[in-house]
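Given next are the chains, with one letter for each unit.
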Amino acid sequence: MFRSILTVLSGSVIAQIIAVAVLPALTRLYDAEAFGRYQIYVSILNVAVMFVAFRYEVALLGARPGRVFENLLKLTFRLCIVTSMIAFPVAGAASLWIPGELSSLHGVIFFLPVAMFVAGIYQMLSYLPIRDRNYGLSARSKILQSVGFSIGALGCAFLPLIGVGLVLADAFGRLVGSINVFVESGKLWRTLISPISFSEMKVTAIRFQKFGFFTFPGTLLSALSAAVAPFAFLALFNLEVAGQYALIERFVLMPIGIVAVAVSQVFTGEFSTLYRTEKNGLNRAFRRSLLQLLAVGLLPTILGMILSPSVVPLLFGADWTMAGRLCAIAFPIAYVRFVATALTMTLIIVDRQPLQFAWEIGRFLFTLCVFGWLGWVGVDDPATVMVWYGLATGITYALQLALADHATKIVNLQARENEGIIS
């Protein structure tokens, strides 16, 4: 498991080194408003992509090889096509509600259906290397996605694209990552385009309906919770302040989040195998992983809090001084998110989807209430908003980890009872 984590982690780390290395150039080629538009786009896309396949792609991890797996793959692919097409009229209607002062977001909204399709396909394909435990391919696709984004962003900066260069670069990066998985997966494309009857799709959808009923709304709420902060900075202040926050997302929260997802992919694969074969050691494995993650992230968090107020303006320019202040507060948020995201699939693996869903509802409502209260009392300092966001993040994720620990304990006890250890 440790070697697998290193393989996936190396790809994520290299990908994020590339992404961070190109940032000083991008902050000089794009202004804070361009980063604000990009962050709003990413926040909307992260929510919209949940609707692309309604999280049926997650079921690919556990589907039996053969016809069941192939039908699920075909169903997921067709859902990506249909939902992206439906998104076009929805985007057109949504654009009518954009206020005049945010008219620069029109281009972002109209591009979203295309981005949804590309992101949905990439999300679906990203589960296949994990299923096959081909962690090298997973790592390479992440690196190529980052390279694609970097090249696209640098190139689009010199084109008249009405401030959506970063948006186009994001889609291009995901497309490059998807092509890499396609190329290295043999005849996968033939499976995707091969025919499937409506009745087979219906049977497949019902077979894995738990993912549609619980995993989909749960991850949708998770994406909505993550989108609250960027929109809150836009609503409480303006697009420029939202852009300052966007740099923090790109420089700290997103890279650490992607590394956490890489760890989570390996943890999910290995932990699900342990759940199927040796439930007795589940809680011990969870606690060991938790302590290791806490230890790994502690020193970088402390250093980031100390150095970021001076390092951020030095790297990205004097216009990003506010981002430096926000970055110092963002590191504890990143630390908590790193640990919790790496272990976030625990409740789903042990078949506690309703509990995970309940936690997602609670987190979303609590985060919404915190930002709503900040707006009601009229907080006018972005740093204060960031501190409250950190407190909300810490409380909610600590609760999730406690629930996961309790759930794995119950699985241990049930396994011992089944084996006759407990009479």
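The structure this text deals with has already been given above.
Let me sum up the structure you'll find in this document. (Residues numbered from 1 in each chain as written. Predicted model: local features only at pLDDT ≥ 70, side-chain atom pairs only at ≥ 80, totals over all residues. Heavy atoms only, no water.)

On to a negative patch on the surface, then. Together, Asp31, Glu33, Glu240 and Asp319 make up a region of like negative charge exposed at the surface. Within the secondary structure, Asp31 sits in the loop between helix H1 (2-29) and helix H2 (32-53). (Patch = residues over 30% accessible without salt bridge, like charges linked within 9 Å, V, L, I, M, F, W, Y side chains within 5 Å. Areas by Shrake-Rupley, 256 points an atom, 1.4 Å probe, with all protein chains shown as cover. Salt bridge = Lys/Arg side-chain N within 4 Å of Asp/Glu carboxyl O. Lys, Arg positive; Asp, Glu negative; His and termini not counted. Charge placed at Lys NZ, Arg CZ, Asp CG, Glu CD. Helix = DSSP H or I, 4+ residues; strand = E, 2+ residues; numbered from the N terminus.)

It is worth spelling out helix H4 (residues 106-131) at this point. With 26 residues, H4 should reach 38 Å at 1.5 Å per residue; the first-to-last C-alpha distance of 38 Å fits that figure. Counted residue by residue, H4 has 20 buried out of 26 residues, so it is predominantly covered. Residue Arg133 follows H4 closely and has a positive phi angle near 55°. (Expected span 1.5 Å × (residues − 1). Buried < 20%, exposed > 50% of the residue type's maximum accessible area, 1.4 Å probe, protein only.)

We now examine the packing of helix H3 (residues 67-95) against H4. Relative placement of two packed helices is described by the angle separating their axes and the distance separating the axes. At a closest axis distance of 8 Å, the pairing of H3 and H4 adopts a crossing angle of 165°. Between H3 and H4, the angle falls in the class roughly antiparallel. Both H3 and H4 take part in a crossing whose hand is right-handed. Along the lines of polarity and charge, the residues of the contact of H3 with H4 split into 18 nonpolar, seven polar and one charged. (Axes fitted to C-alpha atoms, helices over the stretch in contact; angles between N-to-C directions. Parallel < 35°, antiparallel > 145°, perpendicular 65-115°, else oblique. Left-handed = near helix turned anticlockwise from the far one by under 90°. Nonpolar A, V, L, I, M, F, W, Y, C, P; charged D, E, K, R; others polar.)

By the element assignment, Ala340 lies in helix H12 (residues 321-342). Apart from residues no more than four positions distant in its own chain, Ala340 is found in contact with Tyr397, Gln400 and Leu401. (Contact = heavy atoms within 4.5 Å.)

Okay, the pattern of salt bridges next. Per the counting criterion, the structure on display carries eight salt bridges. Between Glu184 and Arg140 there is a salt bridge whose closest N-O contact spans 2.6 Å. On the criterion of sequence distance, the pair formed by Glu184 in the loop between helix H6 (165-183) and helix H7 (188-193) and Arg140 in helix H5 (residues 135-156) is long-range, its members being 44 residues apart. Overall, Arg140 belongs to the partly exposed group, its relative accessible area being 37%. Residues Glu360 and Arg363 are paired through a salt bridge, measuring 3.5 Å at the closest nitrogen-oxygen approach. Placement of both Glu360 and Arg363 in helix H14 (residues 353-377) is noted, with a separation of three residues, approximately one turn of the helix. Both residues of the pair, Glu360 and Arg363, count as buried.

This brings us to helix H10 (residues 239-277). Along H10, the largest kink reaches about 45° and is centred on Glu249. Of all 39 residues that make up H10, 30 are buried, and the element is covered over most of its length. Capping the start of H10, Asn238 holds a side-chain oxygen 3.0 Å from the backbone nitrogen of Glu240, two or three residues further along. (Bend = angle between axes of the 7 residues up to and from the residue. Polar contact = N/O pair within 3.5 Å; in protein donor to acceptor, adjacent residues only side chain to side chain.)

The values reported here are purely geometric and, on their own, carry no functional implication.
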